[in-house]
Each structure stands twice: as C-alpha cells, then as structure tokens.
Amino acid sequence: MKKGLTRIAPSLTAAAVAAAFSLAAPAQAADNGKFRIGVVTFLSGGAAGPFGVPSLNGAKVMVEALNAAKVPAPYGLKGINGVDIEVIEVDENGGASKQVEEFRNLAQRHKVDAVIGYISSGDCLAVAPVAEELKMPTVLFDCGTSRLFEENKNPAYVFRTGLDAAIDNIGAARYLVDSGRKIESVASIQQNYAWGHDSWGDFSAAIKQLEPGVKVATEQLPKLFQGQYGAEISAISVSKPDVIHSSFWGGDMEAFVLQGSARGLFDKRTAVLTCGESALDRFKGQAPNGLVIGARGPFGAFAPDTVLSNWFREAYRAKAEIDPTYPAYKMAQAILGLKAAVEKAAAKPGEIPAKEAIVASFKGLSFESVSGTVQMARAGGHQALQGIAYGEYRFDAKTGKATVANVKAYGGECVTPPDGTSASEWIKAGFPGAQCN
Amino acid sequence: MTTLYAILIDGMIYASWLFLVAAGLTVIYGVMRILNMAHGSFYAIGAYTGAALVGWYFAGGDGAPYWSYVLLLVAALGSGLLVGWLVEQGLLQFMYKRDELLMVIITYALLLILEDTTKLIFGVDPYFTYQPYSLLGRSDIGGLTFANYDLLLILVSVLIGAGCWLILNRTHTGKVLRAVIQDREIAVAMGVNVKLMFALTFVVGTTLGTLAGALTAPAISVSPGIGVEVIVLAFAVVVVGGLGSIEGAIVGALLVGLTRSVAVHLAPEVELFVIYGVMSLVLAVRPQGLFGRNLARKI
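Positions within a chain are numbered from 1, following the residues in the order the chain's sequence is written. Whichever chain is written first becomes A and whichever ligand is written first becomes 1, with later ones labelled in order. Local features in this predicted model are restricted to residues whose pLDDT is 70 or higher, and side-chain atom pairs enter the listing and the counts only when it is 80 or higher, whereas totals over whole chains, interfaces and linings include all residues. Based on all heavy atoms of the structure, the side-chain values leave hydrogens and waters out of the count.

With that settled, the discussion passes to the interface of chain B and chain A. Between chain B and chain A, the contact holds 33 residues from the first and 41 residues from the second. Two parts lose some accessible area (1.4 Å probe) when they are put together, and adding that loss for both gives the buried area. For the pair chain B and chain A, the summed buried area comes to about 3,100 Å², and 57% of that belongs to carbon and sulfur atoms. Area buried by chain B at its contact with chain A is led by B:Phe128, B:Tyr130 and B:Glu229, which between them contribute 18% of it. Basic side-chain nitrogens of Lys or Arg form a salt bridge, by our definition, when they fall within 4 Å of a carboxyl oxygen of Asp or Glu. Among the ionic pairs, B:Asp10 bridges to A:Arg263, the shortest N-O distance being 4.0 Å. Ranked by the residues each element gives to the side of chain B that touches chain A, the list is headed by helix α1 (residues 2–32) of chain B, at 6 residues. Residues belonging to the side of chain B that touches chain A are distributed by class as follows: 19 nonpolar, 7 polar and 7 charged. Two residues qualify as a contact provided that any one of their heavy atoms is within 4.5 Å of a heavy atom in the partner residue. Numbering goes from the N terminus for both helices and strands, where a helix is a DSSP run of H or I of at least four residues and a strand is a run of E of at least two. Throughout this entry, Asp, Glu, Lys and Arg are counted as charged residues, while Ala, Val, Leu, Ile, Met, Phe, Trp, Tyr, Cys and Pro are counted as nonpolar. The remaining residues, Gly among them, count as polar.

As a further point, take the state of the cysteines. Residues and elements named next belong to chain A. Here, the term disulfide refers to a pair of cysteine sulfur atoms separated by no more than 2.5 Å. Summed over the entire model, instances satisfying the criterion amount to 2 disulfides over all chains. With its sulfur 2.0 Å from that of its partner, Cys124 forms a disulfide with Cys143. Around the S-S axis, the bridge from Cys124 to Cys143 shows a dihedral of about -105° and counts as left-handed. Taken together, the residues Cys124 in helix α5 (residues 121–134) and Cys143 in the loop between β4 (138–140) and α6 (148–151) connect sequence positions 19 residues apart.

Before going further, it helps to spend a moment on the packing of helix α6 (residues 148–170) of chain B against helix α11 (residues 246–266) of chain B. Residue and element names in this part refer to chain B. Note on definitions: angles span 0 to 180 degrees between N-to-C directions of axes, and those axes are lines fitted to C-alpha atoms, for helices only across the stretch in contact. Two elements in contact, α6 and α11, have axes whose closest approach is 9 Å; the angle formed by their N-to-C orientations is 160°. When the axes of α6 and α11 are compared, the pair comes out roughly antiparallel. Our pair here, α6 against α11, has a crossing hand that is left-handed. Along the contact surface, α6 presents Gly161, Cys164, Trp165 and Leu168, while α11 presents Ile246, Glu247 and Ile250. Oblique is the label for any angle not covered by the other classes, which are roughly parallel (under 35 degrees), roughly antiparallel (over 145) and roughly perpendicular (65 to 115). A crossing counts as left-handed when the near helix is turned anticlockwise from the far one by less than a right angle, and as right-handed when that turn is clockwise.

Okay, α1(B) next. Residues and elements named next belong to chain B. To estimate how far a helix should extend, the number of its residues minus one is multiplied by 1.5 Å. End to end, α1 covers 44 Å across 31 residues, agreeing with the expected 45 Å (1.5 Å per residue, within 8%). Taken as a whole, α1 carries its principal kink of about 40° at Ala22. Counting buried residues in α1 gives 25 out of 31 residues, a clear majority hidden from the surface. Arg33 sits one or two positions beyond α1 and adopts a positive phi of about 60°. The term bend refers to the angle at a residue between two fitted axes, each drawn through seven residues, those ending there and those starting there. With a 1.4 Å probe rolled over the protein chains alone, any residue whose accessible area is under 20% of its type maximum counts as buried; one over 50% counts as exposed, and the rest are partly exposed.

Bringing the sheet that holds strand β7 (residues 215–220) of chain A into the picture now. The pairing of strands in a sheet happens through backbone hydrogen bonds and is either parallel or antiparallel. All names here are of chain A. Only strands that DSSP links by at least two bridges are regarded as paired with each other. Spatially, the 7 strands line up as an open sheet ordered β7-β6-β8-β9-β10-β14-β15, and their pairing is mixed. Only two strands of the sheet have a single partner each, and these edge strands are β7 and β15 (401–410). Between one strand axis and the next, the sheet turns by 25° as a mean value, whatever way the strands run. When strand β6 (residues 185–189) meets β7, the two strands line up parallel, connected through 5 bridges. By the bridge assignment, Ser185 is partnered in β7 with Lys215. Where helix α9 (residues 230–239) meets the sheet, it contacts β6, β7 and β8 (243–246), and its direction lies at approximately 170° from that of β7.

All names here are of chain A. A cis amide bond links Ala73 with the next residue in sequence, Pro74, at an omega value of 10°. Within the secondary structure, Pro74 is located in the loop between α3 (48–67) and β2 (85–91). Even without being glycine, Lys135 reaches a positive phi, approximately 55°. For Glu321, which is not a glycine, the phi torsion comes out positive at approximately 65°. Relative to the helices and strands, Glu321 is located in the loop between α11 (307–320) and α12 (326–345).

Okay, the pattern of salt bridges next. Residues and elements named next belong to chain A. Applying the stated criterion across every chain yields a total of 23 salt bridges over all chains. One salt bridge connects Arg296 with Asp168, and the closest N-O pair in it is separated by 2.7 Å. With Arg296 in the loop between β10 (292–294) and α11 and Asp168 in helix α7 (residues 165–178), this residue pair connects regions lying 128 residues apart in the sequence. Look at Arg296 and you get buried, because its relative accessible area is 3%. For Asp168, a relative accessible area of 0% puts it in the buried group. The closest approach of N and O atoms between Arg317 and Glu314, which form a salt bridge, is 3.0 Å. Of this pair, Arg317 and Glu314 both sit in helix α11, 3 residues apart, roughly one helical turn. Three or more residues joined by partner-sharing salt bridges are found here, namely Asp142, Asp168, Arg296 and Lys330.

Next up on the list: empty space enclosed by the protein. Two kinds of site are reported from a 1 Å grid over the protein atoms alone, namely cavities, where a 1.4 Å probe fits but cannot get out, and pockets, open sets with protein on both sides within 12 Å along at least five of seven lines, and residues are called lining when an atom falls within 4 Å of a point. Grid points are joined across faces, edges and corners, and a volume is the space filled by probe spheres set on the points. What the rule picks out here adds up to 3 cavities of 30 Å³ or more. Here the largest cavity defines a volume of roughly 140 Å³. In terms of lining, the largest cavity is formed by A:Gln228, A:Tyr229, A:Gly230, A:Ala231, A:Gln259, A:Arg263, B:Asp10, B:Ile13, B:Tyr14, B:Tyr133, B:Asp150 and B:Arg260. Those elements that place two or more of their residues in the lining of the largest cavity are α9 of chain A together with α1 of chain B. Of all the elements, α1(B) adds the most residues to the lining of the largest cavity, at 3 residues. Of the residues that constitute the lining of the largest cavity, the class distribution is 5 nonpolar, 3 polar and 4 charged. What the second largest cavity holds in volume is close to 80 Å³.

So this is what it looks like as structure tokens:
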C-alpha cells in the first residue's frame, strides 16, 4: 500500500500543481494591460430594477464612452489615464457575508485595480474594513449610512462619492419649511430596517429643529417589500397629518404611491419621498402633482445644465431608451472620481500608478462630474460634499412626460455636518455653522 | 369610531388577499400532502404574466380598459394551467411515494428554479401595471376612502372560498378527493384514478396561486422576490388555520388580517411581529392548527 502511494505521489503532486494553476488563471488574465474595475451592484432581487440595473447601465455607458475617448472635457483622455477600462460585474444580492467573499475574490483572484459599488448600507459597512485590510481603492457610489466614516475614523482606501442619508432628510426638512407649507403634524411611513429608522430619525429631528412644535401624527413601519399598504394608508389618513414623510424606495415606493393615490391619501396633504426621483418616469401620472421628491443629491432630474451632465443624459438615453435616474448618475460620478484620482496620481499617460498613489490623490480631490463639481471634503477627504435639491412632481398628460417643478437647491455647507460632528449632534445643536443662501 | 371602521375594512381586505394567496397552498396540502414551497413562485408567475399582458395591452393604444380584467384572468388561468401541468407531469408524478419532508426539499428546489426562470423570461426591471387598479374608482366608507379594486378582492376571495368548499364538500369529485385524502391505497383499490386526481388538484392549486398573483399585480410593483415574500405569509395562514383545511385558511386569513390591522392602527411598532405572534399562540394551544385534524397513524 505504502509502495502504491509512493508510486502515485508524483502524479498527485502534478495534479495539485495543475489545479493550483487553473485556480489562479483569472489572476494571470488580469495582467492584460487594462485598468480592471470590479463593479458591484444589485443584478437580482428587489433593488435590481430601481437601483442596480440603472447603475449598471450608467457604468456601461460611461466605461464604453471613456474607452472610446468620447467623454467631454476634462475627461478626453482614453479610458483611465489612456489605459482601457475592463469591468468585472458582481451581483450585490445575497447579504454582507457573501459580499465580503466577493470583494476578496475581486481583490485577490481577479486582481482588480479598484472596486466601485454597493447600494446597501450593510454591504458598505461590511466591505469597508476589508478594503482597508487588502489595501484596495474602493469607491462606494450609493450607500447612505452615516455610520460609514463614524466607525472608520481614519480611512485610507475607502471613498464615498455619494452623499449620506442625513443630508437627504435635512434637505427635505429645509425644503418643506422654505416652501411655506403648513407643517403642524407629520406622519411617517418607513421600511422597517436601519435605512427607514435612520431616515425618519434624521428627518423628524431636523423638522422639529426648523419648525418647533411639530407633532408626529403616526409612525408606520411596514416590513421591507411588504407591497400592500392598505392598513398603513388608513392609519395615516385617520391621523390627519399635514405632511407625510417616507424614505421608501423601489417597488415599495411605487406601490405606496399607487395605492395612496387611488385612495386620495395625497389629495389634501403634502407627501415627501426622499428617493422619489428614481421612479419619476415610472409613476406615469399615478403620483399626484405636488408630490415632493428628491434624488439623494444633484442627480437625475436635478442634475445641473452642464456639457458633461447633458452629454451623460443623452448617451444614457441612447443606450437604455429612457432617461437616467439618480443611481445611474451616482455610478457615473464614482467612475469619474476614480479616473480623476488616477490621472492626478500618474506621472504620464499610459501608466497605472500604485494603489497608494491613487488613494493619496483621491483624498480631498475636487473633480468635475455629471452632477457639477464634487469636492471630497468630509471624513478627512474621503467623503463627497455636495448640495441637494428637492422639487415637486408634475405630470403632463398630453406628452406623457413627468418633470420636477419648484426646484430648490441647497449647497453642501447648508445641509452637511462639519467633520467630527455626527448628523444627530449637528441637528440637535441647531445646525451650527450651516451656510445657506 | 373611524379607527374601528378602518381596522375592520383594512383587516378584511388584507385577509381576502391572504386567503387568495394561501388557498392553493392549502388545497394541494389537503389532498396531496405536499407542503408546496414553490407556491410563491406560482404567485410570482401569475403576477408577472398578468402585469406583462396588461402592460402590453395598454401600450398598444386605445383598447377598452375594462378588457384588462379579462386579460388578468386569462393570464392567471393560462400560466397556472401550463406551469401546473408541466410541473406535475414533468416532476412531481415521479416523486409521490417519497417522504413528505423530501417533497419540501423538492418543491424548494423548484422554487429556486422557477425564480430564476421568471427572471430569465421577464427580466429584473419591475412591472408597474396600474390601470386596472385605479379604473374602478374609490368609495367613501365611514369617513375613509377605499379603492374599489380592493373591495372587489373581498368578493373574489369569498367566491373562491365558497367554490373550494362546495367542490370539496358537495360534489362527487369532492367526495372522491376526500376518499383519496383518507386512504390513498383503498381509493386506488376502489377504482379511483388517483393519478388523475393528483394532477387535477395540483393544477387547480397552481392556478389559484397564479390567480392571486395576477389579481395583486395591478396594486403593486411586480419585481423579483415577490414570490418568496408571500410564501412566508401563506404558510403562516395555513399553519394557523390547520394545514389542508379550506375553512382553516379562511379563519386563519381573517385572524391574521384583523390582528395585523389592529396592530397597524393601534401599535404600529409591533406590526412586524403580530403575524408570528398569532401563529405562536395558536400553535401553543392547538399544534395542528385551528381546523387541523390529528391523523391516525396506520399500523
């Protein structure tokens, strides 16, 4: 038996070596001279339709145009610093543990140069420390948790080019107050998980600070993806609020608006949907005119009238046959931020700088984007500082098109807490240092 | 007083929806003793087919809007009969003598396959087919406004509940089915075509699932994952009522629907737990569910 084993040992060793090489194959393929980016977004599950698919389309539009050197100035250099971009798509569905595994795969097997992704706050929080451990430049394009840089006070490799959720709600509260609406009582309906709880916490604190004496009419917390909101709509109707606040997104938001409209919930009161813009073209007149909607920043229907922004809208429309919504803009913004950082770090075109050089130039960077100028001016230069805008939904039955009216924008310094202060502390203190026009 | 009205009507509307979702599940378990995990997928298939067909109809231009209700029924019946027949003939008929627990695993595998198949056919973009929901207008009841479509669902679920009960209890086919439930081997010995009865039951159960999905589609945004969401609720209802009992499903749906409505109106913070709270309480008192029967073990 022992003799037999000795005889087959070389074959086993050879097989093991062959297996090791075959497993390592993707790593070899990574050395193809391209700038490889792992793009992680929801490709299945409830968040795929409203967020994942538009953001992936945004990535495809931007990467194709960059590789063809067709993006307007200041991004005329092909790909990233003259190097073609290669994208590896990863589905964000499946939970935080799976995403950590996928992140390690991207970094260690696929040998990506950077990772851009993550819609879910849970995934961002799980992946961020791993990005630091693996020293992988990682751009979080959408997740909104304000805990991201509160828990990681000294980030090196993690950046977020989107805004955090507190800004959505501070902006929404300011918009309601500034538009002179009656706000004696506010009803809340949020998805029953961290996003919903945090959003309502920030909004209710901000509105009470701006309009002292506001009463909470009712707080409804249905399950995520519940789909049926009959009882919640009745409870809100019975509580007779002046304003209804919701951070609903995706199918839940569309179902709530459809069911609420059919029951006249929005006839005599204002509703504010912080993520409402993502369904602007999907409401198709089923949302009431006057519904206050936001885009989590100056994106989508709130994007500025610039050459770069208009080009992106047209390029996206040509590819996807619909207007881009805010997740598409945010993805495009993350890619442009990374490109700007790499090109700033590189000594000459055609060179891919070391990861350490990329993150050093990303820190505190100011770059042009599809939403105007972005300054990485919070969390020690790792978090974008931008303004936010809100407006009212308007549907034109003749053209079948929806637009936003009565738009009011707030600068980043007006709605963002200073570094070192949490949103809740800043709101509680009465927004000290806020610079609002 | 308004809150009381609201609790009752909201509870009834939700209960009617729960019953629609759970009816097919309980019919299949009642006759075939299969705890059909794939039922949520049948619901999703009905919703997608209904939404796609109605969406296509309205995209076509100026068709009479009321035909959309016929299309929803056509979508439910067409997809239910086709998928039910394919699954029963292509998979389940080879598995009937297996253990009940294994059937749970088989139908769970089926759920995963059908989830991906649905994504492959309909994509991951949500379907928003609202026309049939808003077409019927609204009614004011006790100071609150309700969508007539939701009120109509109460009527539909009453009709389906009554239909299932009558077929099982007052027709020859129902008596044969009950004989199969009582003792499959003796039923075969007496000349009952059990294979046919099983196929018929499974297709009816599947079609009830697709009907629930198609009728729900106009009120929601139909997106991936809706099947998995409803299967948990459907199980809660049939477990509370007693697996396999139509009367149980009706009472279970009413109990869960009304309790949830009370929670939403009076204590929204506990709403997430009430369904499981009701289930735990019922099972603590009657482990076989409210209308479940203890099965005599064959020796």
